[in-house]
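One letter stands for each residue in the lines below.
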Amino acid sequence: MSITVYRKAHFNAAHRLYRKDWDDEKNKSVFGKCSNPNFHGHNYELEVGISGSIDKETGFLIDMEELKNIIKEEVEEYLDHKNLNMDIPDFKEMNPTMENIAILIWDRLRNKLNSKFKVSVKLYETPRNFVVYTG
Ligand code: NI
């Protein structure tokens, strides 16, 4: 038996997608508006799923207050109102695409959560574009 609970969160962050070894024209053609040299923001929406078994004593899968605090510390405080390219060391040499951001979030949450849980991360970069990462 497996059951999944979800917690939503959001953060705002700026980024630019580009490769230093490509000229502006090629960056523009591959990354489009996300390659704007002066950066731009997104309102990222996050859904974190935690799967496992219900604790018989409490009836909980996980203490949602604890999950809330882990997401706050590991995701919101780390990424909210940041320039992802300039402020987040992980993205010094790696493009902050929604795919790479989702993996970073998953890694940070995985580190803090009991290994008995399965973790999934769904990250919306726009209302219509989103990615799911499950490890
Ligand atoms: Ni963008």
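Our subject is the structure that appears above.
Quick look at the structure, then.

Rules and cut-offs
Residues numbered from 1 in each chain as written. Predicted model: local features only at pLDDT ≥ 70, side-chain atom pairs only at ≥ 80, totals over all residues. Heavy atoms only, no water. Helix = DSSP H or I, 4+ residues; strand = E, 2+ residues; numbered from the N terminus. Buried < 20%, exposed > 50% of the residue type's maximum accessible area, 1.4 Å probe, protein only. Salt bridge = Lys/Arg side-chain N within 4 Å of Asp/Glu carboxyl O. Pairing = 2+ DSSP bridges. Donors = N, O, S within 2.8 Å, 3.2 Å for Na, K, Ca; no water. Tetrahedral: all angles 85-135°; square planar, octahedral: opposite > 155°, others 65-115°. Phe/Tyr/Trp six-rings, centres within 6.5 Å; stacked < 30°, edge-to-face > 60°. Contact = heavy atoms within 4.5 Å. Axes fitted to C-alpha atoms, helices over the stretch in contact; angles between N-to-C directions.

## Focus: the overall build of the protein chain
Then comes step 1: Scanning the protein chain from N- to C-terminus turns up 4 helices and 5 strands.
Then comes step 2: Each helix and strand of the protein chain, ordered N terminal to C terminal, gives the series β-α-β-α-β-α-α-β-β.
Then comes step 3: Here the C-alpha coordinates of the protein chain stretch approximately 60 × 25 × 25 Å along the principal axes.
Then comes step 4: Across the 135 residues in the protein chain, those meeting the buried criterion constitute 39%.

## A closer look at the pattern of salt bridges
Then comes step 1: Considering all chains together, one arrives at 6 salt bridges under this definition.
Then comes step 2: Through salt bridges with shared partners, a single network forms among Glu74, Arg108 and Lys112.

## Topic: the pairing of strand β4 (residues 118–124)
Then comes step 1: The buried fraction of β4 amounts to 5 of the 7 residues, a majority that puts the element mostly inside the structure.
Then comes step 2: Bridge analysis of strand β2 (residues 40–52) against β4 gives 7 bridges, and the strand direction is antiparallel. Counterpart to Gly49 in the pairing with β4 is Ser120.
Then comes step 3: Sheet topology places β4 next to strand β5 (residues 130–133); 4 bridges connect them, and they run antiparallel. Its bridge partner lying in β5, Lys122 is registered against Val132.
Then comes step 4: Taking the residues that link successive antiparallel strands as the turn, the β4-β5 hairpin has 5 residues.

## Re the coordination of the nickel ion
Then comes step 1: The protein atoms that coordinate the nickel ion are His15 (NE2), Cys34 (SG), His40 (NE2) and His42 (NE2), at distances of 2.0 to 2.1 Å.
Then comes step 2: Here the nickel ion binds 4 donor atoms, and the angle range of 94 to 128° at the metal identifies the geometry as tetrahedral.
Then comes step 3: Linear spacing of the donor residues for the nickel ion on their chain is H-x18-C-x5-H-x1-H. Of this pair, His15 sits in strand β1 (residues 3–15) while His40 sits in strand β2, and the two are 25 residues apart along the sequence.

## Focus on the packing of aromatic side chains
Then comes step 1: The final tally for this structure, using the stated rule, is 4 aromatic pairs.
Then comes step 2: For the ring pair Trp22 and Phe31, a centre distance of 5.9 Å and an interplane angle of 25° mean the geometry is stacked.
Then comes step 3: With a centroid separation of 5.4 Å and 80° between ring planes, the pair formed by Trp106 and Tyr133 is classed as edge-to-face. Taken together, the residues span a long stretch of sequence, with Trp106 in helix α4 (residues 98–112) and Tyr133 in strand β5 at a distance of 27 residues.

## Focus on the sheet that holds strand β3 (residues 82–83)
Then comes step 1: Reading across the sheet, the 5 strands line up as β3-β1-β2-β4-β5 and stay open at both edges, with mixed pairing between neighbours. Edge strands, defined here as strands with exactly one partner in the open sheet, are β3 and β5.
Then comes step 2: Note that β1 and β3 share 2 bridges and pair parallel. Paired with Ala14 across the bridge in β3 is Asn83.
Then comes step 3: Along the sheet, helix α2 (residues 64–79) contacts β1, β2 and β3; its crossing angle with β1, the most-contacted strand, is approximately 20°.

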